[in-house]
Amino acid sequence: MSTTFSVSNEQEHADGIAAAKAALADKRCIVLPTDTVYGIGADAFSAQGVAMLLAAKGRSRTMPPPVLIAQTATMDGLARDIPEEARKLAEAFWPGGLTLILHAQPSLTWDLGETRGTVALRVPNDDTALELLGQTGPLAVSSANRTGNAAALDVEQAIAQLGESVDVYLDGGPRGAAGEEVLPSTIIDCTGAHLQVVRSGAISIEELRVVVPGILDLGQDAPETGA
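Remember, predicted model here, so these are calculated numbers, not experimental data.

(A) Fine view of unusual backbone geometry. The step from Trp 94 to Pro 95 runs through a cis peptide bond, and the omega angle for that step is -5°. Relative to the helices and strands, Pro 95 resides in the loop between helix 4 (84-93) and strand 6 (98-104).

Put into structure tokens, the structure is as follows:
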């Protein structure tokens, strides 16, 4: 049976973090707030947890989830051959709505799906998410919705779509102000000869080009990927 905790309440916050950690350690899924939309998360190093995440979303292994991390320094432990331009973007926009696709460290013992040797990393700008990540380590996190549906902007929308497939829901309130469009993270592919935007989102191409003038924009949105 799923349990929901209001993280704005001091006692429920502590209980919610503890329950989320226990569920993740038990290779189960949780829902957590991020600075963009709500995300469904699992231990990035648990093949069973990631498989449950994909099943909950109705997604195949061909659409692996991104990985959220608590700090930029973790990037080097998970990715290799990181371009200097990617480091500049991380320094400028993390924590925040930017996801970087990088070459994964070949020594990692995880199974996120058919990643083709890459990993998509982000540091979210949300206190609850960062607190949890600081205690659990990297989490595989995708938007909290069934694939093809709109991403959840509050915990009720997440529950309506994911139900009992998630053990713990952390309720951090609605995302975005009333009437304000909430954008997912901007996704940048950093694995080729040139950095390029593969999904437009919270960080605009104009903002990105202030830091990396030569970044390319594919001019179209990629399929729904992550929070």
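(B) Main features of the environment of Ile 187. For Ile 187, the location among the structural elements is in strand 10 (residues 186-189). C-alpha of Ile 187 to C-alpha of Ile 203: the two residues are 16 residues apart in sequence and 9.0 Å apart in space.

(C) A look at the packing of helix 1 (residues 10-25) against helix 5 (residues 127-136). With their axes 11 Å apart at the nearest point, helix 1 and helix 5 run at an angle of 45° to one another. Comparing the axis directions of helix 1 and helix 5 gives the class oblique. Along this stretch, helix 1 crosses helix 5, giving a crossing that reads as right-handed. Counted together, His 13, Ile 17, Ala 20, Lys 21 and Leu 24 of helix 1 and Thr 128, Glu 131, Leu 132, Gln 135 and Thr 136 of helix 5 form the full contact between these two elements. Among the residues making up the contact of helix 1 with helix 5, the classes are represented as four nonpolar, four polar and two charged.

(D) Fine view of helix 2 (residues 47-57). Of all the positions in helix 2, only Gly 49, Val 50, Leu 53, Leu 54, Ala 56 and Lys 57 are classed as buried. Buried residues of helix 2, seen end-on, are gathered within an arc of 160° and therefore sit on one face of the element. Against strand 3 (39-43), strand 8 (139-143) and helix 6 (155-162) lie the buried residues of helix 2.

Rules of the game
- Residues numbered from 1 in each chain as written.
- Predicted model: local features only at pLDDT ≥ 70, side-chain atom pairs only at ≥ 80, totals over all residues.
- Heavy atoms only, no water.
- Helix = DSSP H or I, 4+ residues; strand = E, 2+ residues; numbered from the N terminus.
- Axes fitted to C-alpha atoms, helices over the stretch in contact; angles between N-to-C directions.
- Parallel < 35°, antiparallel > 145°, perpendicular 65-115°, else oblique.
- Left-handed = near helix turned anticlockwise from the far one by under 90°.
- Contact = heavy atoms within 4.5 Å.
- Nonpolar A, V, L, I, M, F, W, Y, C, P; charged D, E, K, R; others polar.
- Buried < 20%, exposed > 50% of the residue type's maximum accessible area, 1.4 Å probe, protein only.
- Arc of directions from axis to C-beta.

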